[in-house]
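Descriptive structure summary
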Amino acid sequence: MNQQPTSLQEAIIYFSNPDNCIDYIAIRRWPHGVICPVCGSTKVSAFNPTRRTWKCGSHHTKREFSVKVGTIYEGSPIPLDKWLTATWMLTNCKNGVSSYEIARDISITQKSAWFMLRRIRLAMQDEFFGSKLNGEVEVDETFIGGKARNLERGGKVCARVKPSRRKTVLQDEVRKHVTGSALRLLN
């Protein structure tokens, strides 16, 4: 099946194949080709089917990355087939869906389903999953209060408290929240 699932049964069958899950996310995340989530480089080696990862051509830590890096799925032990089925259920049920229903339908605990729904709903508040600041981005440090300078043009604000204002600490934080051409200017 090359098209998007139209029923819960189709979603469960389609997302049961790990390669379908990776393709489904990769095409939506990187419509113009895979980009390194750490440095923003487009010099990425071919997909490694045994490890299901890509490798960045630039030399830095965390050169090898999967489709989960920088998304709501990162750091979660729950497999992508369950994540994508739960996402399909939430976005296609007009009356909403409870954590008990997700738990029952995809065979996970209610606590895990609640965790997943919380992350999915939070991600749906953004324009797309895993969105980072892009384009012209301003970064400002302030000690008390501050003005609206931490803005993506016409976009959103990302404010964080950091224990130090050392250049390396601030640059690491910016790398977590900025992508594309704006990230390249940081280096």
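To keep things clear, this report deals only with the structure shown in the data block. Only a predicted model underlies this, so the values are computations on that prediction, with no experimental measurement involved. Within any chain, residue numbers begin from 1 and follow the written order of that chain's sequence. With pLDDT at 70 or above as the cut-off, local features in this predicted model cover only qualifying residues; side-chain atom pairs require 80 or more to be listed or tallied, and sums for whole chains, interfaces and linings still use all residues. Heavy atoms throughout the structure, all of them, feed into the side-chain values; hydrogens and water do not.

**Structural notes on the overall build of the protein**
Note on conventions: DSSP H or I runs of at least 4 residues are helices, E runs of at least 2 residues are strands, and numbering of each starts at the N terminus. When its secondary structure is counted, the protein shows seven helices and two strands. Seen in sequence order, the protein has helices and strands lined up from the N terminus as α-α-β-β-α-α-α-α-α. Burial status follows relative accessibility: with a 1.4 Å probe on protein chains alone, a residue under 20% of its type maximum counts as buried, one over 50% as exposed, and anything between as partly exposed. Buried residues in the protein amount to 31% of all 187 residues. Methods summary: accessible areas were calculated by the Shrake-Rupley approach with a probe of 1.4 Å, and residue burial reflects only the protein chains presented. Counting only carbon and sulfur atoms, one obtains 52% of the accessible surface of the protein, whose full area is about 12,300 Å².

**What about the packing of helix 2 (residues 18-29) against helix 3 (residues 80-92)?**
Axis lines are fitted through C-alpha atoms, for helices just across the contact stretch, and the angle between N-to-C directions can take any value from 0 to 180 degrees. It is at 9 Å that the axes of helix 2 and helix 3 come closest, and there the two elements cross at 55°. Judged by the inter-axis angle, helix 2 sits oblique to helix 3. Two packed elements cross with a definite hand, and for helix 2 against helix 3 that hand is left-handed. Across the interface between the two elements, Cys21, Ile22, Tyr24 and Ile25 of helix 2 pack against Leu80, Asp81 and Leu84 of helix 3. Its residues assigned to classes, the contact of helix 2 with helix 3 comprises six nonpolar, no polar and one charged. For this classification, under 35 degrees means roughly parallel, over 145 means roughly antiparallel, 65 to 115 means roughly perpendicular, and everything else is oblique. By definition, any crossing whose near helix is turned counterclockwise from its far helix by less than a right angle is left-handed, and any crossing with a clockwise turn is right-handed. Here, two residues are considered to be in contact whenever any of their heavy atoms come within 4.5 Å of each other. In the scheme used here, Gly and all other residues not listed as nonpolar or charged are polar, with Ala, Val, Leu, Ile, Met, Phe, Trp, Tyr, Cys and Pro taken as nonpolar and Asp, Glu, Lys and Arg as charged.

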